[in-house]
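Structural characterization, general
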Amino acid sequence: MRVLALALLFTPLALAAGKTEILWDQYGVPHIFAASREEMFHAHGWAQMKNQADLLLRLYGESRGRAAEYWGPENLELDKWVQLNGVPERAKEWYAAQDPVFRKYLDAFAAGINDFAKANPQAIGKEYVQVLPVTGVDVVGHALRAVHYMYMGSRERMQRELNAAIRGTAVASLDIPDQDLIPGSNTWSIGPPHSASGNSLLIINPHLAWGDTFYRYMEVHLVGPGYDLYGAPQIGFPVPVVGFNRRAGWGRTVNTIDTVDFYKLTVKDGQYEFDGKLRPFEHETKLLKVRQPDGTFKEEKLDVRRSIQGPVVYDAQGMTVAMRVAGLDRPRMLEQWFRMGEARNLEEFKTALRIMSVPMWNANYADADGHIMMVFDGLVPKRKSGDYAYWNKVVPGDTSATMWTDYLSFDELPKSVDPASGWNQNTNEPPWDMTFPQLDPAKYAPYVAPLGLELPQMRTLRSLHMITEDAKISYEKLLADKHSTRMELADKVLPDLLKAAGSAPTEAVRVLANWDHLTETDSRGAVLFQMFAERYLGTGARLAARLRVKYDPVKPLDSAYGLADPAGALAALATAAEECVKTYGSLDVKWGDVYRFASGNADLPGNGGPGNSGLFRTITYSRKEGNRFYAAHGETFVCGIEFAKAQKAQCLLSYGNASQPGSPHLEDQLPLMVAKKLHPVWREKKDVEAHLEKRETF
């Protein structure tokens, strides 16, 4: 249902002289050609509202810590987390701390949101109108909440780490059952030594949740004075977080950076102990409004206690725990992404990274000058002692020995710049394998990243295999590798399984023997193998124990294979085969009949699969309807770029460039996803006009 009127007052942005246009292409991508940078931000706010109004306003309401007030008690726990961590107050502080010029850009983005709402009241769901108008503080606050308290200091992370502490075990951050649902990504950069054309190549490929969440991306092309960036912000962000201009670009991957620490406090007489003395908690009481089904409101009291480390986030089972989050003193996060987007060469990109306000993510860079660079980027707390494993447990909070107040500098972070190999890659593993020869962990502080993994992800081994199998990689091969549906785990273990079957193979063994190890829509045998892998091989330490040849970090491409117990594996296969026939009526059911893509009204056969099984085309199918599984996480915004004289660039946003009900762009890119294709990127105005859906002029 749509609202017919907005009884709100807005102050439209007074635009400078000159014409600003949004050219909407056939995929619903806004190409913004602006007379000034301020107008560029204004038009961007307008464009996000056109494609994502309900989601954007929902996210801003959540980031205010007022979702229960707007939409009811099911949102109360989220509000408590936002308010407990002081997001609304810090958003005001961060907004005031912005560079004055950049603050005008934030205001312009907010004005674009408000101006769209004023001009198109019928386009907004009535339950979201109450969030309007928005301000620059909302823009900052949403980014702060999404990054620092959803990606990093989330309730889910707190629960995982405290559960581990209560059990007396360390958190195995790289070996948890649902690791494919954790934010992830792939990225490659190829330099001239490894490029068939001699030009740098780049893959941008984040893996995030599908659907209407804060993870959702939107393709956008921003053109203003001295700025021409094609990329993707997350909804509500005024700047792309990945992208490329005419000379340079970057992808990002979630890195194994520890930016959140939990401190066990020693509480006595209502105070906490620190360096042998008792200190009083800082106290605050907040009243949260909660909308009731009848439209009335109740108030919920939230008592906040803060220690020197941060707010108390847990107080039960004999444990009082405070949380400390990196980057709360670095308010220029959005500006840093903006500066990364305007960087035209390696030194300008390094200058942007040296702002040191984006608290996490590997940055993988390539440019038209032939340079590539990968940086284990973010804010690594400068700690006095301890290794990565130590800091991934709840640490003592009664001593300044565990207290940190500063971060490693850009120069102290692991990085690979123009390596002799000619390539950098990352699939969310620790930084040591970002290129060959591998980085030496001994050169960095022991708390920077994990060491000595028993077994990397199979997705990592697949990435390393593909990026090293050719002496030179062409743009066409880059795209083919990006879309590879080959299952590394099958390559690792099937030879032993088939050998163990001997001369009298079962029908299940024959199906796997005829399977090509791909997860294409019509692949037969992949479903059976995946059922076997999930039930017998598992992931992490369990998988490592099942392999005959253990992983050797000195020989990452020539280790980690075979079956330690072939007879046991055959028995497990028999069980999986029985279940496969019972569930699907056949041992060789097509992959795409079981694993599906859906968006809008489209329901299509899927391809690709779990990173745990070694799929570089990474899709987690976790939403089940009957006997079918639907993509819920994985391939989102994907781009392949060659920085040639005439730049080659193709992209895809799997679930479409809009979430607003009724948009024609809820599903129009999904058929390309099925076909493993990307759409062209049109940079020149004449090319956009040749594929024009709509023109808006300001």
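Throughout what follows, the structure given in this document is the object of discussion. None of the values given here were measured: they were computed from a predicted structure.

**Regarding the overall build of the chain**
Secondary structure summary: the chain contains 20 helices and 29 strands in total. Relative to its full complement of 698 residues, the chain shows a buried share of 60%. As presented, the chain carries roughly 25600 Å² of accessible surface, and 52% of it is formed by carbon and sulfur atoms. Within the chain, one finds 79 positive and 85 negative side-chain charges whose respective centroids are separated by 1 Å.

**Section: the side chain of E21**
Summarising the element assignment, E21 is placed in strand β1 (residues 21–25). With relative accessibility at 4%, the residue E21 sits in the buried group. In terms of polar contacts, E21 uses its side chain to reach the side chain of K685, at 2.8 Å. E21 has contacts with H31, I32, F33, K685, R695, E696 and T697, leaving out every residue within four places of it along the chain.

**Observations concerning the state of the cysteines**
Applying the stated criterion across every chain yields a total of 1 disulfide. The disulfide partner of C639 is C651, and the gap between their sulfur atoms is 2.1 Å. One disulfide, between C639 and C651, carries an S-S torsion of 110 degrees and so falls in the right-handed class. Remark: C651 occurs in strand β27 (residues 648–653) and C639 occurs in strand β26 (residues 637–642); sequence separation between them is 12 residues. Of the two residues examined, C639 and C651, each falls in the buried class.

**Some words on the packing of aromatic side chains**
Taken as a whole, this structure holds 38 aromatic pairs when the rule is applied. With 6.0 Å between their ring centres and 35 degrees between their planes, W210 and F597 make a pair best called tilted. Linking W210 in the loop between β4 (201–209) and β5 (220–224) with F597 in strand β22 (residues 595–599), this pair joins segments that are 387 residues apart in sequence. Accessibility expressed as a relative area gives 10% for W210, which makes it buried. Look at F597 and you get buried, because its relative accessible area is 0%. Ring centres 6.2 Å apart and planes at 15 degrees place the aromatic pair F597 and Y621 in the stacked group.

**Focus on the packing of helix α5 (residues 100–119) against helix α8 (residues 333–342)**
Running from N to C, α5 and α8 cross one another at 95 degrees; their axes reach a closest spacing of 11 Å. When the axes of α5 and α8 are compared, the pair comes out roughly perpendicular. Contacts from F102, Y105 and L106 in α5 reach L334, E335 and F338 in α8. Looking at the contact of α5 with α8 residue by residue, the class counts come to 5 nonpolar, no polar and 1 charged.

**Observations concerning the packing of helix α14 (residues 507–514) against helix α17 (residues 566–584)**
One way to put it is that α14 packs onto α17 with a least axis distance of 9 Å and a crossing angle of 95 degrees. By the angle class used here, α14 and α17 are roughly perpendicular. Facing A508, V509 and L512 of α14, the residues of α17 in contact are L570, L573 and A577.

**Topic: unusual backbone geometry**
In this model, L132 is joined to P133 through a cis peptide bond whose omega is -5 degrees. Tracing the backbone shows P133 in the loop between α5 and α6 (136–152). Note the cis peptide between F436 and P437, where omega equals -10 degrees. With respect to the helices and strands, the residue P437 is situated in the loop between β21 (423–426) and α11 (458–468). Even without glycine at this site, W361 takes up a positive phi of about 90 degrees. Of note, W361 is situated in the loop between α9 (346–353) and β17 (362–367).

**Description of the side chain of S416**
With respect to the helices, strands and loops of the structure, S416 is situated in strand β20 (residues 415–417). A distance of 2.7 Å separates a polar atom in the side chain of S416 from a polar atom in the side chain of N424. For S416, the contacting residues outside a window of four places in its chain are I372, M373, M374, N424, M434, T435 and L439.

**Describing empty space enclosed by the protein**
In this structure the tally under the stated criterion is 2 cavities of 30 Å³ or more. Quantified by volume, the largest cavity comes out at close to 60 Å³. The wall of the largest cavity is formed by V241, W250, G251, R252, W337, M340, V358, M360, W361, N362, A363 and D377. Elements supplying a minimum of two residues to the lining of the largest cavity: β8 (248–253), α8 and β17. With 3 residues, β8 is the largest single contributor of residues to the lining of the largest cavity. In the lining of the largest cavity, the residues fall into 8 nonpolar, 2 polar and 2 charged. Considered as a void within the structure, the second largest cavity measures approximately 30 Å³ in volume. Broken down by secondary-structure element, the contributors of at least two residues to the lining of the second largest cavity are β3 (184–190) and β4. In terms of residue class, the lining of the second largest cavity is made up of 6 nonpolar, 2 polar and 1 charged.

**As for the nonpolar core**
Note on soluble globular proteins: their nonpolar side chains tend to be buried together. The biggest cluster of nonpolar side chains holds 222 residues, and the ones touching the most others in it are F244, W337, F529, F532, L537 and F637. Among the elements that make up this core, the one with the highest residue count is helix α1 (residues 37–63) (12 residues). Look past the residues within four positions of F532 in its chain and what remains in contact with it is L497, L537, A569, A572, L573 and A576.

Parameters at a glance
Residues numbered from 1 in each chain as written. Predicted model: local features only at pLDDT ≥ 70, side-chain atom pairs only at ≥ 80, totals over all residues. Heavy atoms only, no water. Helix = DSSP H or I, 4+ residues; strand = E, 2+ residues; numbered from the N terminus. Buried < 20%, exposed > 50% of the residue type's maximum accessible area, 1.4 Å probe, protein only. Areas by Shrake-Rupley, 256 points an atom, 1.4 Å probe, with all protein chains shown as cover. Lys, Arg positive; Asp, Glu negative; His and termini not counted. Charge placed at Lys NZ, Arg CZ, Asp CG, Glu CD. Polar contact = N/O pair within 3.5 Å; in protein donor to acceptor, adjacent residues only side chain to side chain. Contact = heavy atoms within 4.5 Å. Disulfide = S-S within 2.5 Å. Phe/Tyr/Trp six-rings, centres within 6.5 Å; stacked < 30°, edge-to-face > 60°. Axes fitted to C-alpha atoms, helices over the stretch in contact; angles between N-to-C directions. Parallel < 35°, antiparallel > 145°, perpendicular 65-115°, else oblique. Nonpolar A, V, L, I, M, F, W, Y, C, P; charged D, E, K, R; others polar. 1 Å grid on protein atoms, 1.4 Å probe; cavity = no way out; pocket = protein on both sides within 12 Å on 5 of 7 lines; lining within 4 Å. Points joined across faces, edges and corners; volume = space filled by probe spheres on them. Core = buried A, V, L, I, M, F, W, Y, C linked by side-chain atoms within 4.5 Å.

Everything listed here is a matter of geometry and, on its own, says nothing about what the molecule does.
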